Structure formats: structure tokens, C-alpha cells
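Okay, here's what each chain looks like letter by letter:
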Amino acid sequence: MTSVDVRTESDSEDSGPSGYAAARLRLLQGEAQSGPPRRSALADLTDDWLTGLFTAAGAPRGASLVAVGGYGRGELSPRSDLDLLLLHDGSADAGAIAALADRIWYPIWDLGLALDHSVRTPAEARKTSGEDLKVQLGLLDARHVVGDLGLTAGLRTAVLADWRNLAPKRLPELRELCEERAERQGELSYLLEPDLKEARGGLRDATALRAVAASWLADAPREGLADARRRLLDVRDALHLTTGRATDRLALQEQDQVAAELGLLDADTLLRQVYESARTVSYASDVTWREVSRVLRSRSVRPRLRAMLGGGKGAAAAERSPLAEGVVEQDGEVVLARAARPERDPVLPLRAAAAAAQAGLPLSLHAVRRMAAAVRPLPTPWPAEAREQLVTLLGAGRPTVEVWEALEAEGLITRLLPDWERVRCRPQRNAVHTWTVDRHLVETAVQASELTRRVGRPDLLLVAGLLHDIGKGWPGDHSVAGEIIARDVAARIGFDRGDVAVLATLVRHHLLLIETATRRDLDDPATVRAVADAVGSLGTLELLHALTEADALATGPAAWSAWRGSLVADLVKRVGAVLLGDGPEGVEDVAPTAEQERLAVEAFRTGGPVLALRAQTEGPGVDDASDASVDPEPLGVELIIAVPDQQGVLSAVAGVLAMHRLAVRTAELRSVGLPSGPEDSVLLLNWRVAAEYGSLPQAARLRSDLVRALDGSLDIASRLAERDAAYPRRRGTVAPPPRVTVAPAASRLATVIEVRAQDAPGLLHRIGRALESAGVAVRSAHVSTLGANAVDAFYVTGAGAPLPGERAAGVARAVEEALRGR
């Protein structure tokens, strides 16, 4: 319906305020139109009215009326301001121009409409826009209404030329404005009473993206952006109509009415729609501003580069630094390597995401979209690498959020975890909660990443953080529903039966400690016994304690305090005393296999190291059992090394592996006796390793380097330092500091030193050197890498016996200080 359809014959004859007001009222009350058609019709109707006022005022030559801002874009909401510029070429008498302005402005005010107006020549308009960024942004959407079309067209052309010429200066100013506004107004995606215009991801940001596109320096991702903007405008229209006010804040008491006006089920459905739209705008903004920064950075570097090259036209290719298999860093972003094949590598999205989060870098838009379009689904259960990469991503801390949002923007998260769809953008109508359900789950994983040194299974803690509220998308008690979902998800991810049971317990009872500690009598033995029965083991209690704190910290500032923390800690101490039985003994010696015994005998006979490499695989998942084209998934390579018992074996082997870029997933070291006599012993090391990227080294080369490391002719520390210096420093993630402790009463035969630290190349080499420097013998070692976390136990002795208490504590301190670089 156009403005002609709305207005009656009498209205056409009367261009005064009453005719326009009546036609405007009919348009806004009509049910035939809503959304973009109504906004466009309202703009057309207003154009017709203002054209009548301009003509009736006897406007002189060389004058025009120009709509700017939202009105210039033809997007008039029911209570929108009218942004108008009366443009003149300066040839008419100033009094005549002032009289013309009065004949236009006063009728608008008489109707009670908000008006943002100015009277300027083209030169004045350009000068003002050059001094005021907001004025310039408004003029970018300038649209001719009536009068001298050539005058308006000339101003538009000049303003756009000015904007493009000044873009290197103006765009950083615009970005700063957007960031300051976001700091004041918060994120539209998570607010219970959001400002649709000013909050981050709102209409102001959508307009800023149009301005960036007009600069020709960069453009926003187009997919979904127009629809997101339209939905936000539709919500604002409904808000104006239901309140009768020019407001952009979607207050709680008005959300049901606004939802009804839009034909939505309820206020939660409305908020989810708003949140989804805001996330689209926010993600587009993040991508666009990164591109602006890249372009401006390259422009600033290019003149210097030309000078260095003597004015030549050649341009240096952007440096590409490897991060993981198929993943490289280029120009401050994580992109796919040229040899990457997403269609053949279902783990690639998780590997790329984990590498990006660990490096503290964004995933490039092109890389995410390429993976979303080409990658095949993961088998069920997931291969071990996929599970490890998910845990690494979750354990990266704050950078996890941006990387997760990039995956979610292209639909990869719901493809990996279908149950995520029910919690995505789901509001939490509780003043204590800061985030939507899905963002709260990611925030809990972020908080849990700071607590990984407190638990023996950081992988289970991080996944429990991600899943603990997954049941909120279902009716009933979300803990009960969540337990069922968590079992299914954990099994699909590839955890074994025992780990699935622990994760289910953590999700089912994630509120148990805080509710018991704050609402029950802890001096009542029945209370403590009930918690102990629900938890079941000390390991699960340790995990639940950390999960409780991470959950509360991710909820909001009102959910956790020193007092609450002390109550929970007291409860955990009491429950732990109930669960604590006899201390666990050291791991019993297991008889070596025939292959291990053969290697040990050969090592003793030759007096040097002997090794064997064997690939480990697991077959296709349950869902792929009938698909003969699915290759077995690699678990890594089993490396067995036998070495005559001597000092320095652990650090030497670990150093050689680090030199060859082999990541250690699990490792065991133990001393085995030989049939020739009990005094004859060989150190047997059983490792599972994987290449960080590229192919595995030859076994002969590994043995050659190991021989040199053991005889002292290979300086491993220097070689590792040289390799690290050859690569540029990345900001990376700030991991929790390493924690080294003495496990109490863990073994009668040795002292157990436990190390929990961020996994890094050469970590095990540094631990081995620290233990050797402390003068202790490593009787056995049990090393595991869980995502980006290393959880290692070393059974050490001094003179063949466990260490005295003070010396054991000193060894632990020495190892921790070595890992912290002191």
C-alpha cells in the first residue's frame, strides 16, 4: 500500500497537519501492513506532506529539503524523529530562507513530532560534517525530498567523496564511538531490558556497518545481516505502537505486549529473536572491524615496504605460521593451510578453533565458512583427537568466547552438539544471571579453565562446565533433564563409561554443594552423609567443588562471595572426610609384554636405546559401521623405548620428542627387571605421541638423536630455545600457573610428585631436568595430556626409598619454580 492508497480525496486537497495526522493514524492502525512496507509507506506519506509544505511556502530557487539519518533511509518507525536538512545555495535572501524553514518546522512541531533540523549551504554542511562525525554519518544516508534535485545530488556526491578520502582517519573514530557505546549500554544479545538502538549489536551498529561499506575499505558479511536489522526494526515499531512513546528500551513489563503485536508466542520467544538478530550484527561488526584494521595496517606498512625495496612494485606475501595440522596464522587471523581439505578432515573445525583460542587469535570468516560448507560430520562416538580438541578449546580461557561465537555464527556448534539448539539464545529471567543460557555455559567453561590445576581430571571439569545447564531447554527440573542429555552427549563425544557416569553425576548435582552449604545444618551427620552418597568418590567431589565455583562466578557478581566460598569449602572438607578411605597404593608393576621384554633385552645387550613405533587406530563410529569408505581414525603413534637404567632418561627422551614436534598424549616410565638377574634392569618408556603438524619422523632418526642426547653431545635445551626464537611471539592465552604437590600417602615404595600445568612443547623435558637437578630417581611416571592440560604423576625415590616429608616438599617447590621460570 502506498501513501496514495492511504490518503482520501479530502486529505489530498489538505496538505496541512490535520490531513497528514489523519492519514498517518490510519496507516499505523491498519492491520494490512507491518514491517518494511509500513515503514516505507510512512516515509512516503511524510515525503508527500513535506513536499506540500515546501511548495506552499513558495520556496526560492536553489533550495531543497533533504531527509537524513533513518528518515533518509526510508525507515520511519511510528515515533521516529524526523531528521531534516534545509539545503540552499546561498543565493536567496537569508530572511527568505529563515521564513521557509519556519513554514516547515512549525507544522511538524504542532503535531508533536520530534524534529532534528538544520539549515545549511553545501559548503557549510561539508564543513560541519568534517568536524562532527555524527553529522557526517547522517549525511551518508541523505535523500532528496523536494526542491533542487541537483543541489541535493551535488551534496551527496561531495559527502561520499569526503567520507572515502577521510576513511583512514574517520573509521578508527567510528570504531571508538561504537566501543564506548557498547561499554555504556552493554550487549543487546544478553540484556533482559535491552536498548534496541544503542546496545552492542543494535541498530546503531547496523548503521555503522553501512558507513564502513560506503568507505569502500571493507564490507560486512551480508548473509543474515539485512534480516537481523529488519527484525530489530520490527520490534522497535511494535514497541512504539504498544507504548505510544519514542523509546528504544524493551522493558520487561512491555515485552508480552510487544510479542503479541508481532504475533509471537511469548516474551521469551521475542527475546530469543532479538538476541539472535543482535548476535548476527555483533559478529558482522567484529569481522568488519578486523578487516578495517587489516586494511589500514597494510596501507601504513606499504609505503615503508616500498621504500625498503627501493620503490619497486613487488609486495611481500603475508607470513603464514603453522599452528596445527591444516591450520596457520596469517595477518593476525587463523586461516586454513593451503593443503587443508575440510571435506576429508571432520576434526578440522575443532582443531582450528582450539588452535585459534590457544593462540588468542580470531578465526577468519572465510575459514569458518569454508569448513561449514565442506566438512563432513564427525562419526559417533567422536575420535579421540576431536574430544581432545574440544577440551583444548574449552580450556583456553577468555579467547574461547570469540572463537565459539564464530563457530556458532555459521551453525557449526549445533552440528557438533545438536542439543545446543535448545539453549541457544535462551533468556534467563533471573536478576542474578548476567547471560543467556548458552553464553552462561561457555562462561562457566572459561571460569573452569582457571581452576584446572585444582582437579585431577580437567577435561571432565571443562566439559561439565559446558553441559551443566544443558537441561534448561527442556521442561521440568533442568538438573534431571540435563543428566540424561549429558550422558548422551558425553558418550557421543567419546568418553568411556566411567567418565560418562562422572559427567552425569556432575550435571545432576551441580547445585548440590551450594544449596546444601547455604541451606542445611552442616553439623548434622545425615546432611554430610547424604552429600557423600550422592557424590560417590573423592575425585568427583573435587570436580564438583570446582564446578560449583565456576558456575557461580559465571552467573554474576551476586552469585559468589568469600562467605559462600567458605561454606562450600567447609562442606567439601566434611564430605571428603567421610569419603576418605585408606590411601591408594602405588601402581602395581605389570608384567611387560613379549615385545617390551624383547626390546628390554636388546637394550641391555647393546647398551643403548632401542625403540619401536606402532600406529594406533580406532575403527569407524557406530553410526558409520556400514560405511566401508570411512577410514579408521588415528589415535596417534605408540612409541616404546627401552634404555639401560641411567640418569637423565626422562628428560632426554622428552626433549628429543619435543625437538621433532611430537606432542605427548600419554606416557608411562617404569623400571623392569631382566631374566638374567634381578640386579639387571632397564627403563621402559611407553608413549602415545602425535605430530603437531606434518608427518612423523623416521624411527632411525629418533634413535640417533636419543643416543646423542644421552651421551651429552646433543644440547636439547639450546635446540628448543633456537626453535622457539625462530617463530614470532604470539599473545596466546594466559593459563593458570603450574601447580606441583606431594600426594599424601599415595605409595609405600616411593614419593608421588603430582604436576598440573599447561601443556607446551618441552614441558616434560623441563620437568625431567628439574627432578634430576633435585637429585631424585624417577621410579615410574604416569603422564596424561587432557586437552591443553598436563596431569602428571612421578614416583620418585632418594637412595631407593621414599623422600622424607621436608625434602619431598622441597622437590615439589623446585619443580614448580622451574616451570614458572624462576
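Residues numbered from 1 in each chain as written. Predicted model: local features only at pLDDT ≥ 70, side-chain atom pairs only at ≥ 80, totals over all residues. Heavy atoms only, no water.

**Focus on the environment of G150**
For clarity, the threshold we go by: The helix and strand labels rest on DSSP assignments: H or I over at least four residues marks a helix, E over at least two residues marks a strand, and numbering proceeds from the N terminus.
With respect to the element layout, G150 can be found in helix α9 (residues 149-165). On a C-alpha basis, the gap between G150 and A63 in space is 9.8 Å, while along the polypeptide they are 87 residues apart.

**Points about the sheet that holds strand β6 (residues 327-330)**
Which entries qualify depends on this criterion: Between any two strands, at least two bridges found by DSSP are needed for them to pair. The convention used is that axes are lines fitted to C-alpha atoms, helices contributing only their stretch in contact, and that angles between N-to-C directions extend from 0 to 180 degrees.
Reading across the sheet, the three strands line up as β5-β6-β7 and stay open at both edges, with antiparallel pairing between neighbours. Taken across any chain shown, the strands that pair with only one partner, and hence form the sheet edges, are β5 (320-324) and β7 (333-336). Strand after strand, the sheet turns through a mean of 40 degrees between neighbouring axes, direction not considered. Judged from the four bridges that link them, β5 and β6 form a sheet pairing that is antiparallel. The partner of P322 across the bridge, within β6, is V328.

**Comments concerning the packing of aromatic side chains**
Just so we agree on the cut-off: Between 30 and 60 degrees the pair is tilted, below 30 it is stacked and above 60 it is edge-to-face, where a pair is any two Phe, Tyr or Trp rings, Trp via its six-membered ring, whose centres lie within 6.5 Å. Only protein chains enter the area calculation, which uses a 1.4 Å probe; residues under 20% of their type maximum are buried, those over 50% are exposed, and those in between are partly exposed. We count a charge as sitting over a ring when the NZ of a lysine or the CZ of an arginine lies within 6 Å of the ring centre and within 35 degrees of the ring normal.
Taken as a whole, this structure holds four aromatic pairs when the rule is applied. Considering the side-chain rings of Y190 and W435, the 5.0 Å spacing of their centres and the 85 degrees angle between planes classify their relative orientation as edge-to-face. Here W435 lies in the loop between α19 (412-416) and α20 (437-449) and Y190 lies in the loop between α10 (167-185) and α11 (203-215), a separation of 245 residues in the sequence. Like W435, Y190 is buried. We note R164 situated over the ring of W216; from NZ or CZ to the ring centre the distance is 3.7 Å. Here the basic side chain of R439 rests over the ring of W435, its NZ or CZ set 4.1 Å away from the ring centre.

**A few points about the pattern of salt bridges**
If the charged atoms of two oppositely charged side chains come close together, the side chains can form a pair. Put simply, the rule is: Should a side-chain nitrogen of Lys or Arg be within 4 Å of a carboxyl oxygen of Asp or Glu, the pair is scored as a salt bridge.
Evaluation of the coordinates by the stated rule reveals 56 salt bridges. Between D331 and R297 there is a salt bridge whose closest N-O contact spans 3.3 Å. With D331 in the loop between β6 and β7 and R297 in helix α14 (residues 267-308), this pair connects stretches of sequence that are 34 residues apart. Look at D331 and you get partly exposed, because its relative accessible area is 34%. Several salt bridges share partner residues, and in doing so they unite R73, E75, D141, R210 and R229 into one network.

**Focus: the nonpolar core**
Operational definition: Side-chain atoms within 4.5 Å are what join buried Ala, Val, Leu, Ile, Met, Phe, Trp, Tyr and Cys residues into a set we call a nonpolar core. By definition in these notes, contact holds between two residues if any of their heavy atoms fall within 4.5 Å.
Ranked by size, the top nonpolar core spans 94 residues in total, and within it L363, W382, W404, L417 and W420 carry the most contacts. The leading source of residues in this core is helix α15 (residues 348-359), at nine residues. Residues in contact with W404, not counting those within four places in the same chain, are L390, L393, L394, I413, L417, W420, V442 and L466. With 49 residues, the next largest nonpolar core counts V643, L771, A808 and V811 among its residues.

**What to know about helix α30 (residues 699-711)**
Going by this rule: Here a helix's expected span is defined as the number of its residues, less one, multiplied by 1.5 Å.
Look at α30: 19 Å from first C-alpha to last across 13 residues, which is about the 18 Å you get at 1.5 Å a residue. Backbone geometry just after α30 places G712 at a positive phi near 90 degrees.

**Details of the side chain of S364**
Heads up, the condition is: Two N or O atoms form a polar contact when they lie within 3.5 Å of each other; inside protein one atom must be a possible hydrogen donor and the other a possible acceptor, and for residues adjacent in sequence the pair counts only when both atoms belong to side chains.
By the secondary structure assignment, S364 is in the loop between α15 and α16 (365-374). Only 3.0 Å separates the side chain of S364 from the backbone nitrogen of A367, close enough to count as a polar contact. Filtering out sequence-adjacent residues up to four positions away, S364 remains in contact with E333, V334 and V335.

**A closer look at the packing of helix α7 (residues 122-131) against α9**
Two measures define how a pair of helices packs: the angle their axes make with one another and the distance between the axes. Here is the rule we go by: The labels follow the angle: roughly parallel below 35 degrees, roughly antiparallel above 145, roughly perpendicular from 65 to 115, and oblique for the rest. Crossings are classed by handedness, with left-handed meaning an anticlockwise turn of the near helix from the far one by less than a right angle and right-handed meaning a clockwise turn. In the scheme used here, Gly and all other residues not listed as nonpolar or charged are polar, with Ala, Val, Leu, Ile, Met, Phe, Trp, Tyr, Cys and Pro taken as nonpolar and Asp, Glu, Lys and Arg as charged.
Where α7 contacts α9, the two axes come as close as 10 Å, and the packing angle between them is 25 degrees. Regarding the angle of α7 to α9, the classification is roughly parallel. Handedness of the crossing formed by α7 with α9: right-handed. Within the contact between the two elements, α7 uses P122, A125 and R126 and α9 uses L151, L155, A158 and D162. Residues of the contact of α7 with α9, tallied by class, amount to five nonpolar, no polar and two charged.

**Some remarks on α11**
When the terminal C-alpha atoms of α11 are compared, their 19 Å separation across 13 residues agrees well with the 18 Å that a helix rising 1.5 Å per residue should span. Those residues of α11 that fall on the buried side of the exposure criterion are L203, D205, A206, A208, L209, A211, V212, A214 and S215. Positive backbone phi, at 70 degrees, marks W216, one or two positions downstream of α11.

Purely geometric numbers; function is a separate question.
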